[in-house]
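# Structural features, examined
Here is how the chains run, residue by residue.
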Amino acid sequence: MSLRYRLFAVLEARLPASWQRWLGGSSLLRPLRDRFLRPGGRAALHRGPIEFEGHRFLFSAPFRVFRRAARRGVEARLSRLVLARGRAGGVMMDVGANCGFLTLMMAFAGAPDGRVVSIEPTPEALEALRRNVDDNGLCARVTVVAARAGAHEDDAVRTDGRQVTVDGLMDELAERAAEEAEDAPRLDLLKVDVDGGDLDVLRGAAETLRRDRPIVLVELERDARAIHDFLVDCGYRDLRDMELAPVDASRGAWPPNLIALPDAGHSDAATA
């Protein structure tokens, strides 16, 4: 690790969080930050071995994300939940995969023959995601989709690529399975974290949610009540927070993430 990143690590450890936020958002200091920490206008990817919950693997990410991964994992509670409830041989989908830490957890949970569909539109994150999948020998089990996910499919979203739906991707998996004379796949776990467009992603997954009743992990950055009600309309009754405590919708106090667990009719996924 270069000297400038070591210095950054020391400052991050010693400066109060309020100072870090001020420094990070300062327009006066931004040129210095970009010059020393983002050469060429892009965050450099750091690569190295990571250990998390008994798994040792290679991980590439921008410096701050890499440090967090090395110290305590990324989205640690969600990652532990995936490892605990992911089904070996199952199909899981990571919508808004970013650098792919949770994608790797899904691949580990589904080993040896589970499948993961990992969706990410951002070029910088996509580069890290693909590198992480390749470095850990998971290309045969992880499909990386360079696209946005939403309520409808679109081959050209503005000028930055296509938009897919969860239902459409599951249909593609079913078509491939039919060609190989295999049973149609069933989605076991769906994670959605797309910085505000999460409800649209769920709307584009309605058919899959009602048919397969996967475990759903969804961020509640926006539209919390609508997301809750949509999942209830899809047949979910067991809605929990990150502590796995039941969510009381009548209170209107929403957790950062909502966990929707299948009912007794889908107990194999709920107890995996």
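This text goes with the structure placed above it.
The text that follows walks through the structure, step by step, so that each part is easy to find. (Residues numbered from 1 in each chain as written. Predicted model: local features only at pLDDT ≥ 70, side-chain atom pairs only at ≥ 80, totals over all residues. Heavy atoms only, no water.)

## As for the overall build of the chain
Inclusion rule: Under the scheme used here, helices are H or I runs from DSSP no shorter than 4 residues and strands are E runs no shorter than 2 residues, and both carry numbers assigned from the N terminus. Relative accessible area decides the class of each residue, using a 1.4 Å probe on protein chains only: under 20% of the type maximum gives buried, over 50% gives exposed, and in between gives partly exposed. Here the accessible surface of atoms and residues is derived via Shrake-Rupley with a 1.4 Å probe, and residues count as covered only by protein chains that are part of the display.
Across its full length, the chain carries 12 helices and 11 strands. Burial statistics for the chain: of 272 residues in total, 46% are counted as buried. Accessible surface computed for the chain: about 13900 Å², of which carbon and sulfur atoms make up 50%.

## Quick notes on the packing of helix α5 (residues 76-85) against helix α6 (residues 101-109)
Any two packed helices are characterised by how steeply their axes cross, that is the angle between the axes, and by the distance between the axes. What counts here: With axes taken as lines fitted to C-alpha atoms, and helix axes fitted only over the stretch in contact, angles between N-to-C directions fall between 0 and 180 degrees. The scheme is simple: roughly parallel for angles under 35 degrees, roughly antiparallel for over 145, roughly perpendicular for 65 to 115, oblique for anything else. Helix crossings are classified by the rotation of the near helix relative to the far one: an anticlockwise turn of less than a right angle makes the crossing left-handed, while a clockwise turn makes it right-handed. Residues count as neighbours in contact if any of their non-hydrogen atoms are within 4.5 Å of one another.
Interaxial distance between α5 and α6 falls to 8 Å at its minimum, and their mutual angle equals 15°. The orientation of α5 with respect to α6, classified from their angle, is roughly parallel. Read as a crossing pair, α5 and α6 show a hand that is right-handed. Listed contacts from α6 to Leu78, Ser79, Val82 and Leu83 of α5 are Phe101, Leu102, Met105, Met106, Phe108 and Ala109.

## Comments concerning the packing of aromatic side chains
We count it as follows: Only Phe, Tyr and Trp rings take part, Trp by its six-membered ring, and two of them pair if their centres are within 6.5 Å. Stacked means planes under 30 degrees apart, edge-to-face means over 60, and tilted covers everything else. Either the NZ atom of lysine or the CZ atom of arginine qualifies as a charge over a ring when it sits within 6 Å of the ring centre and within 35 degrees of the ring normal.
The final tally for this structure, using the stated rule, is 4 aromatic pairs. Considering the side-chain rings of Phe57 and Phe108, the 5.4 Å spacing of their centres and the 50° angle between planes classify their relative orientation as tilted. One end of the pair, Phe57, is in strand β2 (residues 55-62); the other, Phe108, is in helix α6, with 51 residues separating them in the sequence. The same class applies to Phe57 as to Phe108, namely buried. Feature note: the residues Phe52, Phe57, Phe59, Phe101 and Phe108 constitute an aromatic cluster, connected by ring pairs. Over the aromatic face of Tyr236 sits the side chain of Arg213, whose NZ or CZ is 5.4 Å from the ring centroid.

## Regarding α6
Where burial is concerned, most of α6 is hidden: 9 out of the 9 residues are buried. Within α6, burial applies to Phe101, Leu102, Thr103, Leu104, Met105, Met106, Ala107, Phe108 and Ala109.

## A look at a negative patch on the surface
Heads up, the rule is: The patches reported here contain residues having more than 30% relative accessible area and no salt bridge. Joining distances are 9 Å for like charges and 5 Å for nonpolar side chains (Val, Leu, Ile, Met, Phe, Trp, Tyr). When a carboxyl oxygen of Asp or Glu lies within 4 Å of a side-chain nitrogen of Lys or Arg, that pair is called a salt bridge. In summary, the charge assignment counts Lys and Arg as positive and Asp and Glu as negative, without counting His or the chain termini. To locate a charge, take atom NZ for lysine, CZ for arginine, CG for aspartate or CD for glutamate.
Residues Glu153, Asp154, Asp155, Asp171, Glu175, Glu179, Glu180, Glu182 and Asp183 make up a contiguous surface patch of negative charge. Note on placement: Glu180 falls in the loop between α8 (166-179) and β8 (187-192).

## Overview of the sheet that holds strand β5 (residues 142-145)
Operational definition: Two strands make a pair as long as DSSP finds a minimum of two bridges between them.
Taking strand neighbours across the sheet as the criterion, the 7 strands line up as β5-β4-β3-β8-β9-β11-β10 in an open arrangement whose pairing is mixed. The open sheet has two free edges, formed respectively by β5 and β10 (238-240), since each of these has just one partner strand. Averaged over neighbouring strand pairs, the angle between their axes works out to 15° when direction is ignored. Of the pairings in the sheet, the one linking strand β4 (residues 115-119) to β5 comprises 4 bridges and is parallel in character. Bridging from a neighbouring strand, Ser118 pairs with Val144 of β5. Against the sheet, α5 engages β3 (91-95), β8, β9 (215-219) and β11 (257-261), with an angle of about 175° to β9.

## Structural notes on the side chain of Asp94
Using the following cut-off: Between N or O atoms, a polar contact is any pair within 3.5 Å; within protein, one atom must be a potential hydrogen donor and the other a potential acceptor, and residues adjacent in sequence are included only when both atoms are from side chains.
With respect to the element layout, Asp94 can be found in strand β3. At 2.7 Å, the side chain of Asp94 forms a polar contact with the side chain of Thr103.

## Considering the pattern of salt bridges
Following the criterion strictly, the structure yields 16 salt bridges and no others. The salt bridge involving Lys191 is made with Asp94; its shortest N-O contact spans 2.8 Å. On the criterion of sequence distance, the pair formed by Lys191 in strand β8 and Asp94 in strand β3 is long-range, its members being 97 residues apart. Of the two residues, Lys191 and Asp94, neither departs from the other in class, the shared state being buried. In this structure, the salt-bridge partner of Arg210 is Asp233, at a minimum N-O distance of 2.8 Å. Note that Arg210 is positioned in helix α10 (residues 206-212) and Asp233 in helix α11 (residues 224-233), a separation of 23 residues in sequence. Look at Arg210 and you get partly exposed, because its relative accessible area is 40%. One salt-bridge network, held together by shared partners, links Arg87, Arg186 and Asp188.

Shape descriptors only; they carry no functional weight alone.
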